[in-house]
Amino acid sequence: MSSLKFNVELGGIGLRPVMIGDSHLIVRLRNGYASRRFLNTGATSNRDQEQWLQAYFERKARGLEHYFIIAHADRDVGAVRIYEIDAAQASFKWGSWVIESGTPPLVAFVSAVLVYDFAFDVLRLETALFEVVAENANVIRFHQGFGAALRGEPDTHASFELKKATYIGLRSRFLARIGLAHLGAPSDAPS
Amino acid sequence: MNKSAFIREFAAIVGVAESELTPAFVLSNSAAWDSMGKMAALTLIDTDAKIEVPFNFINTCKTFGDVLTLVEPQLVGE
């Protein structure tokens, strides 16, 4: 559990900034993820993960990346990353999205909402550009249901784009769908 | 969306052959029945088949039959 402040939070599910002490958690989440074959090869040891995080903190300081732990009901249940932030293009990618087995699907749904809320509302970016391994059909279907548009024909990866305007237009419907429409705009307190 | 198409798409989500996806099929027996699999199923039901179900519905389903109980009456044709 962590009492660290969330960057964004909705209905008891929040994104909090990754800290160096999360190395063990991240290794466990990634290696325990049932669909880890769809993830890029990552650290398998706590030490390797710590080294990766040290480099990440440098990228974060330059405004290029944000790595979050997904928390639900005071438990750390996942991780997700916004990366390759391009201030000139006002675009970003997101991924490294892992959620602990047994976590309610609501957490997956809300964590995606929170990623977009943070990127579009807090960072003031305009376009999400991201890729999913072509075999990861379930995640591809999820993103399409979330309003992301396929760019070109998938080969090894499916490339997606989601514009802020499209997301804003759909967000209230998403929240109504999960009974959170009354919560409105996210809290936005960047670290 | 008709029932055949729904079964075909749902089978792809849980990673089994259509012939295996009987009403008795236990969803948790599929490694793909994780948060993303459940979200994909909800997308199939809600967005593709245009059937409105409570968001937590999919989490209460133990078998494919449980899914069909709510969805089948609203599928159009076989």
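Above this text is the structure in question.
Residues numbered from 1 in each chain as written. Chains lettered and ligands numbered in written order. Predicted model: local features only at pLDDT ≥ 70, side-chain atom pairs only at ≥ 80, totals over all residues. Heavy atoms only, no water.

**What about the nonpolar core?**
- Grouped together as the largest cluster of nonpolar side chains are 75 residues, with contacts concentrated most on A:Phe92, A:Trp94, A:Trp97, A:Tyr116, B:Phe6, B:Phe10 and B:Val67.
- Not counting chain neighbours up to four residues away, the residues in contact with B:Val67 comprise B:Phe6, B:Phe10, B:Leu27, B:Ile45, B:Phe57, B:Ile58 and B:Cys61.
- With 10 residues, the next largest nonpolar core counts A:Ile26, A:Leu53, A:Ile69 and A:Ala79 among its residues. (Core = buried A, V, L, I, M, F, W, Y, C linked by side-chain atoms within 4.5 Å. Buried < 20%, exposed > 50% of the residue type's maximum accessible area, 1.4 Å probe, protein only. Contact = heavy atoms within 4.5 Å.)

**Details of the interface of chain B and chain A**
- In this assembly, 22 residues from chain B lie in contact with 19 residues from chain A.
- The contact between chain B and chain A buries some 1600 Å² in all, and 59% of this surface belongs to carbon and sulfur atoms.
- The largest share of the area that chain B buries against chain A comes from B:Ser35, B:Met36 and B:Phe55, three residues that together contribute 40% of it.
- Put simply, chain B and chain A have two salt bridges between them.
- The salt bridge partner of A:Arg141 is B:Glu9, with a shortest N-O separation of 2.5 Å.
- For the pair chain B and chain A, the number of links is four residue pairs in polar contact (both at pLDDT 80 or more).
- If you list the elements that add at least two residues to the side of chain B that touches chain A, you get helix 1 (3–14), helix 2 (35–48) and helix 3 (57–60) of chain B.
- Considering each element in turn, the side of chain B that touches chain A owes the most residues, 11 residues, to helix 2 of chain B.
- Tallied by class, the residues present in the side of chain B that touches chain A amount to 12 nonpolar, five polar and five charged. (Buried area = accessible area lost by both parts, 1.4 Å probe. Salt bridge = Lys/Arg side-chain N within 4 Å of Asp/Glu carboxyl O. Polar contact = N/O pair within 3.5 Å; in protein donor to acceptor, adjacent residues only side chain to side chain. Helix = DSSP H or I, 4+ residues; strand = E, 2+ residues; numbered from the N terminus. Nonpolar A, V, L, I, M, F, W, Y, C, P; charged D, E, K, R; others polar.)

**Considerations on the pairing of strand 4 (residues 75–86) of chain A**
All names here are of chain A.
- Among the 12 residues in strand 4, nine count as buried, and that is most of the element.
- With seven bridges connecting them, strand 3 (residues 66–72) and strand 4 associate as antiparallel partners. Counterpart to alanine 71 in the pairing with strand 4 is aspartate 76.
- Count of turn residues in the strand 3/strand 4 antiparallel hairpin: two residues, of which alanine 73 carries a positive phi of about 50°.
- As defined by bridge partners, strand 4 adjoins strand 5 (residues 91–99) across six bridges and the pair is classed as antiparallel. Paired with alanine 79 across the two strands is valine 98, which belongs to strand 5.
- Between the antiparallel neighbours strand 4 and strand 5 lie four residues, among them alanine 90 with a positive phi of about 55°. (Pairing = 2+ DSSP bridges.)

**A few points about the environment of A:Lys5**
Residues and elements named next belong to chain A.
- By the secondary structure assignment, lysine 5 is in the segment before strand 1 (8–10).
- Lysine 5 gets classed as exposed once you look at its relative accessible area, which sits at 60%.
- Sequence separation between lysine 5 and leucine 15 is 10 residues, and the spatial gap between their C-alpha atoms is 8.7 Å.

Function cannot be read off these values alone, since they describe shape.
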